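# Remarks on the overall topology
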Protein chains: 2
Amino acid sequence: MYSIGQISKMFNLPVSTLRYYDREGLFHDMQRTSGIRRFSQKEVDTLRVIECLKRSGMEIKDIKTFLDWCEQGPSTYHKRLEMFQKRKRAVEEEIVRLNRTLDMINYKCWYYTRATEDGGEEKLAALSPEDMPDEIRAAYSSAFGPVE
Amino acid sequence: MYSIGQISKMFNLPVSTLRYYDREGLFHDMQRTSGIRRFSQKEVDTLRVIECLKRSGMEIKDIKTFLDWCEQGPSTYHKRLEMFQKRKRAVEEEIVRLNRTLDMINYKCWYYTRATEDGGEEKLAALSPEDMPDEIRAAYSSAFGPVE
DNA sequence: ATAAAACCTGAAGTTAACTTCAGGTCAAGC
DNA sequence: GCTTGACCTGAAGTTAACTTCAGGTTTTAT
């Protein structure tokens, strides 16, 4: 059994956030001793799932829906599986998007590195696509379209 | 030259969002003809950078700071390079986080797939760590800690 | 020439996920 | 016994990034 302060340190989440989650109904009938919240292993597990689903881009109200299903027992296994499969696709897509973003950023890093080096001023005009290394060119055009 | 409506379709962004970006000063002295915004190649390029930086997790006000540097010429190349290098690290870290999130999600998918198959009800109790395939076990423990 | 479509503005409204506040209770150490 | 730190509540405040609204102007198609 942990206090809210201990859980706050354990998960590196402000106490106010934990109380907010509780207010939103994310901790299904959590125990209390004279008004004070007692976090058990169940709430620790719940918080791990919350963190995972949040990082996957899910909103609190949808996380609550999922946690409600968990309270309803085995009859909701199928819904829960579908939900995680949907999250899996969402995260995979986000990783693809971020890799494309990284391509653009790498191009910009290459560009400004060139533009900055050897004194660095007034060199911009001299930068032409022929200077672009093949892997940067490939990444750039996958991100922005062809280098004309 | 494009109208705001054309750009809206081109970038799949609502007209209201483009006007909001303009209000926030993201399009440095954009041209107008009798009050109506005219988007040139410069604004198209700016929007590509905005989209990239937004996906990298940057806030509008910081994107504005960057775009202001762009208007200040070569003296800001170094700042701009540093900024993109910081973005690069942020995106790389986010990709790592998302891959860990994916490990947890894959574990959950495995778990609920098992729990759902062959009739599916009341099978949960029978699920033990020995049933866990090695790659799921490895992913799970890297995400949640060891399977006890 | 006129009506519809597309554009404009400033101001107010929205949403999610928290955080802060004011005022009060509980528990541990001295 | 008393102070201090950790806990509690409901309500209000915050922030980012938009969106909507009300009312007006410009462009375009017939």
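Residues numbered from 1 in each chain as written. Chains lettered and ligands numbered in written order. Predicted model: local features only at pLDDT ≥ 70, side-chain atom pairs only at ≥ 80, totals over all residues. Heavy atoms only, no water.

### Some details on the interface of chain A and chain B
Interface size, as often reported, equals the accessible area lost upon joining of the parts. In this complex, chain A contributes 40 residues to the contact, which on the side of chain B involves 40 residues. Area buried by chain A at its contact with chain B is led by Arg55, Tyr77 and Tyr112 of chain A, which between them contribute 19% of it. The interface formed by chain A and chain B holds 0 salt bridges in total. Of all the secondary structure elements, the ones that give two or more residues to the side of chain A that touches chain B are helix 3 (41-55), helix 4 (60-71) and helix 5 (77-116) of chain A. Of the residues contributing to the side of chain A that touches chain B, the split by class is 19 nonpolar, 10 polar and 11 charged. (Contact = heavy atoms within 4.5 Å. Buried area = accessible area lost by both parts, 1.4 Å probe. Salt bridge = Lys/Arg side-chain N within 4 Å of Asp/Glu carboxyl O. Helix = DSSP H or I, 4+ residues; strand = E, 2+ residues; numbered from the N terminus. Nonpolar A, V, L, I, M, F, W, Y, C, P; charged D, E, K, R; others polar.)

### Quick word on the packing of aromatic side chains
Applying the stated rule across the entire model yields 16 aromatic pairs over all chains. Look at Tyr77 of chain A and Tyr112 of chain B: their rings are 5.9 Å apart centre to centre, the planes differ by 50°, and that puts the pair in the tilted class. One end of the pair, Tyr77 of chain A, is in helix 5; the other, Tyr112 of chain B, is in helix 5 (residues 77-116), on a second chain. Seen in terms of ring centroids, Tyr111 of chain B and Tyr112 of chain B are 5.4 Å apart; in terms of plane orientation they differ by 85°. Their pairing is edge-to-face. Since its relative accessible area comes to 4%, Tyr112 of chain B is described here as buried. (Phe/Tyr/Trp six-rings, centres within 6.5 Å; stacked < 30°, edge-to-face > 60°. Buried < 20%, exposed > 50% of the residue type's maximum accessible area, 1.4 Å probe, protein only.)

### Looking at the confidence of the model for chain A
For chain A, mean pLDDT is 88; residues scoring 70 or higher make up 80% of the total. No element of chain A has a lower mean pLDDT than helix 6 (residues 134-144) of chain A, at 64, and none a higher one than helix 2 (residues 15-23) of chain A, at 98. (pLDDT = per-residue confidence, 0-100.)

### What about the protein's contact with DNA strand D?
Among the 19 residues in the neighbourhood of DNA strand D, the closest are listed as Arg19, Arg32 and Arg37 of chain A together with Thr17 and Ser34 of chain B. Counting only atoms of DNA strand D within 4 Å of the protein, the fraction found in sugar and phosphate groups is 79%. The separation between a phosphate oxygen of DNA strand D and a polar main-chain atom of Gly5 of chain A is 2.9 Å. When residues of the surface near DNA strand D are traced back to their parent elements, those giving at least two are helix 1 (4-11) and strand 2 (36-38) of chain A together with helix 2 (15-23) of chain B. If one sorts the elements of the surface near DNA strand D by residue count, helix 2 of chain B sits on top with 5 residues. Looking at the surface near DNA strand D residue by residue, the classes come out as 7 nonpolar, 6 polar and 6 charged. (Near = heavy atom within 4 Å. Polar contact = N/O pair within 3.5 Å; in protein donor to acceptor, adjacent residues only side chain to side chain.)

### Section: the packing of helix 1 (residues 4-11) of chain B against helix 2 of chain B
All names here are of chain B. Relative to each other, helix 1 and helix 2 sit at 105°, their axes nearing to 9 Å. Our classification of the angle between helix 1 and helix 2 gives roughly perpendicular. Residues Ile4, Gly5, Ile7 and Ser8 of helix 1 pack against Val15, Leu18 and Arg19 of helix 2. Looking at the contact of helix 1 with helix 2, its residues break down into 4 nonpolar, 2 polar and 1 charged. (Axes fitted to C-alpha atoms, helices over the stretch in contact; angles between N-to-C directions. Parallel < 35°, antiparallel > 145°, perpendicular 65-115°, else oblique.)

### Quick word on the relation of the copies chain A and chain B
Rotating chain A by 180° and translating it 0.0 Å along the rotation axis places it on chain B, where the RMSD comes to 0.0 Å. Within this description, the copies of the chain are treated as partners about a two-fold rotation axis. When C-alpha distances to the rotation axis are compared across chain A, the minimum falls at Ile95 of chain A, with a value of 3.1 Å. Mapped onto chain B, 100% of the interface residues of chain A are again interface residues, and the two copies thus contact each other with one and the same surface. (Least-squares fit on C-alpha atoms with pLDDT ≥ 70 in both.)

### Focus on helix 3 of chain A
The terminal C-alpha atoms of helix 3 of chain A, which comprises 15 residues, lie 21 Å apart, in line with the 21 Å expected from a rise of 1.5 Å per residue. By the burial criterion, the buried members of helix 3 of chain A are Glu43, Val44, Thr46, Leu47, Val49, Ile50, Glu51, Cys52 and Leu53 of chain A. On its buried face, helix 3 of chain A is in contact with helix 1, helix 2, strand 2, helix 4 and helix 5 of chain A together with helix 5 of chain B. Looking at the residues trailing helix 3 of chain A, positive phi occurs at Gly57 of chain A, about 95°. (Expected span 1.5 Å × (residues − 1).)

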